[in-house]
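Structural characterization, general
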Amino acid sequence: DVSLVFENDKSSGVASFCKKMKELQDKILEDAVANSKAWFGKSKMSKEVAERSVDFAQSTPSPGLTIEFQGGEPLANWDTLTHTVAYAQRMNKEAKKDLAFSLVTNLSLMTDDKLDFLIDNRVQICTSLDGPAELHNKIRILRQREGNSHTYATTWLRKINARYAEMGLDPNLYRAEALPTITRAALPYSKEIIDTYVDLGCRAIFLRVLDPFGFAA
């Protein structure tokens, strides 16, 4: 249980209120991360839950269906991801929907074998890229792997798009793109962020602010 406590002899103005709300938010997020397994039972989606999700989605009247894998990091649950793709394709033989897949990943767990599967099954790929290395690595810290998150993201972005080109796939449909999250730390890097995206051959840049919830990073 958490609550806001204001002291009588302290200022009750906007600054004090905002400070207390920030403390409450930090406490909620801390508890959410610490208790995620207890609250949700498991930290990863099971194959059974994934199948039920596909069944529900394919039961809707929409002629089109896009299944998007997010996280956390969906590549950390690779067996369930591949199982979901295969199951959805099998069930779609009867549903006959315009079926598509997309993946939102930080690319830190990508391998050549995983990329082969994703390309063979036409899974669209999107990642996060906050800008130049000094900014991206400051925000997206890898604690349990060698290397840094910026190198993983940029190396695999180039490699994925090169593979698409080698296969002759339509670049308007098949191109790995990235999204930056604009935080206070990013504000002095406006030019460098754009330059990073231009250097990677990105066709557009989409700006979004940080959502203070969930477990994605």
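This structure is a prediction, so every number in the text was calculated from the model and none was measured. (Residues numbered from 1 in each chain as written. Predicted model: local features only at pLDDT ≥ 70, side-chain atom pairs only at ≥ 80, totals over all residues. Heavy atoms only, no water.)

In total, this model carries two aromatic pairs according to the counting rule given. Where Trp-78 meets Phe-117, the ring centres are 5.5 Å apart and the plane angle is 75 degrees; that geometry is what we call edge-to-face. Within this pair, whereas Trp-78 is found in helix α4 (residues 78-95), its partner Phe-117 is found in helix α5 (residues 112-120), the two being separated by 39 residues in sequence. The ring of Tyr-174 carries the charged tip of Arg-122 above its face, separated from the ring centre by 5.8 Å. (Phe/Tyr/Trp six-rings, centres within 6.5 Å; stacked < 30°, edge-to-face > 60°. Helix = DSSP H or I, 4+ residues; strand = E, 2+ residues; numbered from the N terminus. Lys NZ or Arg CZ within 6 Å of the ring centre and 35° of its normal.)

With respect to the element layout, Lys-44 can be found in the loop between α2 (36-40) and α3 (47-58). Look at Lys-44 and you get partly exposed, because its relative accessible area is 46%. Remark: the alpha-carbon pair of Lys-44 and Glu-73, spanning 29 residues in sequence, is separated by 9.7 Å. Once residues lying within four places of it in the same chain are set aside, the contact partners of Lys-44 are Ala-76 and Asn-77. In this structure the side chain of Lys-44 is engaged in a polar contact, spanning 2.9 Å, whose partner is the backbone oxygen of Ala-76. (Buried < 20%, exposed > 50% of the residue type's maximum accessible area, 1.4 Å probe, protein only. Contact = heavy atoms within 4.5 Å. Polar contact = N/O pair within 3.5 Å; in protein donor to acceptor, adjacent residues only side chain to side chain.)

What follows deals with the packing of α3 against α4. Remark: α3 packs on α4, axes separated minimally by 9 Å, with the N-to-C direction vectors making an angle of 30 degrees. As judged from the angle between their axes, α3 and α4 are roughly parallel. Between α3 and α4 lies a crossing of right-handed hand. Contacts between α3 and α4 pair Lys-47, Ala-50, Glu-51, Val-54, Asp-55 and Gln-58 from the former with Asp-79, Thr-80, His-83, Thr-84, Tyr-87, Ala-88, Met-91, Asn-92 and Ala-95 from the latter. In terms of residue class, the contact of α3 with α4 is made up of six nonpolar, five polar and four charged. (Axes fitted to C-alpha atoms, helices over the stretch in contact; angles between N-to-C directions. Parallel < 35°, antiparallel > 145°, perpendicular 65-115°, else oblique. Left-handed = near helix turned anticlockwise from the far one by under 90°. Nonpolar A, V, L, I, M, F, W, Y, C, P; charged D, E, K, R; others polar.)

Taken in spatial order, the four strands make up an open sheet running β1-β2-β3-β4, and their pairing is parallel. Only two strands of the sheet have a single partner each, and these edge strands are β1 (64-69) and β4 (177-179). Direction aside, neighbouring strands of the sheet carry axes that sit 25 degrees apart on average. Sheet topology places strand β2 (residues 98-104) next to strand β3 (residues 123-128); four bridges connect them, and they run parallel. Of the residues in β3, the one forming a bridge with Leu-103 is Ile-125. (Pairing = 2+ DSSP bridges.)

Let us look at helix α8 (residues 190-199). By the burial criterion, the buried members of α8 are Ile-193, Thr-196 and Tyr-197. End-on, the buried residues of α8 take up no more than an arc of 95 degrees, which puts them together on one face. Turned more than 90 degrees away from the buried face of α8 sit Lys-191, Val-198 and Asp-199, all of them exposed. Tucked into the core, α8 has its buried residues touching α6 (133-139), α7 (149-166), β4 and β5 (181-182). Of the residues one or two after α8, Gly-201 is the one with positive phi, at around 80 degrees. (Arc of directions from axis to C-beta.)

Counted under the stated rule, the structure contains seven salt bridges. A salt bridge links Lys-159 to Asp-112; its shortest N-O distance comes to 2.6 Å. Placement of Lys-159 in helix α7 and of Asp-112 in helix α5 is noted, with a sequence separation of 47 residues between them. Its relative accessible area of 40% is what places Asp-112 among the partly exposed residues. A salt bridge links Arg-175 to Glu-177, with the nearest nitrogen and oxygen atoms 3.8 Å apart. With relative accessibility at 15%, the residue Glu-177 sits in the buried group. Among the charged side chains, a network of salt bridges with common partners joins Arg-175, Glu-177 and Arg-203. (Salt bridge = Lys/Arg side-chain N within 4 Å of Asp/Glu carboxyl O.)

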